[in-house]
Amino acid sequence: MAGATTAQRGTPGSDGSGRPARKGAGPPEPPKAPKSGKSVKRSGPQGPGARLRRGPVLASLAAAVLLVASGTWALYGSSWLRVEKVTAGGTEVLTPEQVLSAAAVPVGAPLVSVDTDEIESRVRGRLPRIDSVDVVRAWPHGIGLKVTERKPVLLIRKGADFVEVDASGVRFDTVPKAPAGVPVLELNAARSPSARRFDEERLLHEAVLVAGALPEPVAKETVQVKVGSYDSVVLELTRGRSVTWGSGEQSEAKGRALTALLKAAPKAAHFDVSVPTAPAVSGS
């Protein structure tokens, strides 16, 4: 293909469009700088009026800082909000004095600085009979402790004493006298074929499961919980009565069935709730 003609390329000095360039045309002029002497306007409030408007803001900030400082001093530095009185409630076997001694609340300390979680941990650690404790600040000068003691559902003989066990299986105290209305464990599983599979601790767990599921009226009449094997639990009641319970499974249903049987056949000598949907009585 033939190259572009001279007319197409433009003559020297043209602007490339084929038209001759204007005479005297040169490179574009640079932008003109602003003339000196003209001020550039700045944004934002200026002058005495703006300073007057900042005055209330600074005053408010100063007041807030002063308020925070005063509050901090009142809570930590003054003698107004300090621990002066500590009380304990909810005890049954323990005494309030035992709880207060275990709590060791720092009397005279700023009330706001008292670590309630630490007090709770201290009480439970020093008094295993305590199941839970609620520590609250009683403004302006008090600390209150509300405790809940563990309830024994089973007793384990230990020499002449008795170890108390709660419904969770926690052995929390040893007492010289058996509390009224709490059955004693009798464990006779040495000859059981399942003795190797279910050790003493597992059988104790089954006994606790059964004792903890007993309705209160039935528990008060239960003298012993005899465990021969995993699925051979027998209750000995007052007046020479006995209950075949079976395993610890479905203990709540078995408790309800036994309650109904005791009402329906109060003179019966033996009750069988090993199958709670088909309970039985005999010896009436």
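Residues numbered from 1 in each chain as written. Predicted model: local features only at pLDDT ≥ 70, side-chain atom pairs only at ≥ 80, totals over all residues. Heavy atoms only, no water.

Novice: Help me get a handle on the layout of surface pockets, residues and values and all.
Specialist: Unoccupied space between atoms shows up once a probe the size of one water molecule is rolled over them. As a volume, the largest pocket reaches approximately 400 Å³. Taken together, 20 residues line the largest pocket, and the ones lying closest to its centre are Lys151, Pro152, Val153, Gly181 and Val182. Taken together, the elements giving at least two residues each to the lining of the largest pocket come down to helix H5 (200–213) and helix H6 (216–221). Counting residues per element, the lining of the largest pocket draws most heavily on H6, which supplies three residues. (1 Å grid on protein atoms, 1.4 Å probe; cavity = no way out; pocket = protein on both sides within 12 Å on 5 of 7 lines; lining within 4 Å. Points joined across faces, edges and corners; volume = space filled by probe spheres on them. Helix = DSSP H or I, 4+ residues; strand = E, 2+ residues; numbered from the N terminus.)

Novice: Run through helix H7 (residues 251–264), naming residues and quoting values.
Specialist: For H7, which comprises 14 residues, the first-to-last C-alpha distance of 20 Å matches the rise-based estimate of 20 Å (1.5 Å per residue) to within 8%. Taken together, the buried residues of H7 touch H5, H6, strand E9 (232–237), strand E10 (242–246), strand E11 (270–272) and strand E12 (280–282). (Expected span 1.5 Å × (residues − 1). Contact = heavy atoms within 4.5 Å.)

Novice: If you had to explain the confidence of the model for the chain to someone new, which residues and values would you point to?
Specialist: Taken over all residues, the pLDDT of the chain has a mean of 81, while the share at 70 or more is 68%. This stretch, residues 1–26, has a pLDDT under 50; its non-local contacts, to residues over four places away or in other chains, come to eight contacts. In this model, residues 36–41 is a region of pLDDT below 50 whose contacts with residues beyond four sequence positions or in other chains number zero contacts. (pLDDT = per-residue confidence, 0-100.)

Novice: Could you give me a rundown of the environment of Asn188, with the residues and numbers involved?
Specialist: Looking at the secondary structure, you find Asn188 in the loop between strand E7 (184–187) and H5. Setting aside residues up to four positions removed in sequence, Asn188 forms contacts with Val227 and Gly228. Of the polar contacts made by the side chain of Asn188, one reaches the side chain of Glu186; its length is 2.9 Å. (Polar contact = N/O pair within 3.5 Å; in protein donor to acceptor, adjacent residues only side chain to side chain.)

Novice: Please give an account of the nonpolar core that cites residues and values.
Specialist: Counting residues in each nonpolar core, the largest one holds 31 residues, and the members touching the most others are Leu154, Leu235, Val243, Trp245 and Leu258. Among the secondary structure elements, those contributing two or more residues to this core are strand E4 (154–158), strand E5 (161–165), H5, H6, strand E8 (222–229), E9, E10 and H7. Take this core: its biggest share by element is six residues, from H5. When sequence neighbours within four positions are dropped, the list of residues in contact with Leu235 reads Val210, Leu214, Thr222, Gln224, Val225, Arg241, Ser242, Val243, Trp245 and Leu258. Formed by 17 residues, the second largest nonpolar core is a distinct cluster that contains Ala102, Leu127, Val135 and Leu145. (Core = buried A, V, L, I, M, F, W, Y, C linked by side-chain atoms within 4.5 Å. Buried < 20%, exposed > 50% of the residue type's maximum accessible area, 1.4 Å probe, protein only.)

Novice: Tell me what's going on with the environment of Ile119, and back it up with residues and numbers.
Specialist: Following the sequence through the fold, Ile119 ends up in helix H4 (residues 116–126). On the basis of relative accessible area, Ile119 is assigned to the buried category, the value being 1%. Once the C-alpha coordinates of Ile119 and Ala102 are considered, the two residues, 17 residues apart in sequence, prove to be 8.6 Å apart. Apart from the residues lying within four places of it in its own chain, the contact partners of Ile119 are Ala103, Val105, Val114, Val135 and Leu145.

Novice: Could you give an account of the pattern of salt bridges, naming the residues involved and the relevant values?
Specialist: Summed over all chains, the structure comprises 11 salt bridges. Across the pair Glu201 and Arg171 runs a salt bridge, and its minimum N-O distance is 2.8 Å. Within this pair, whereas Glu201 is found in helix H5, its partner Arg171 is found in strand E6 (residues 171–175), the two being separated by 30 residues in sequence. Residue classification places Glu201 among the partly exposed residues on the basis of a relative accessible area of 47%. (Salt bridge = Lys/Arg side-chain N within 4 Å of Asp/Glu carboxyl O.)

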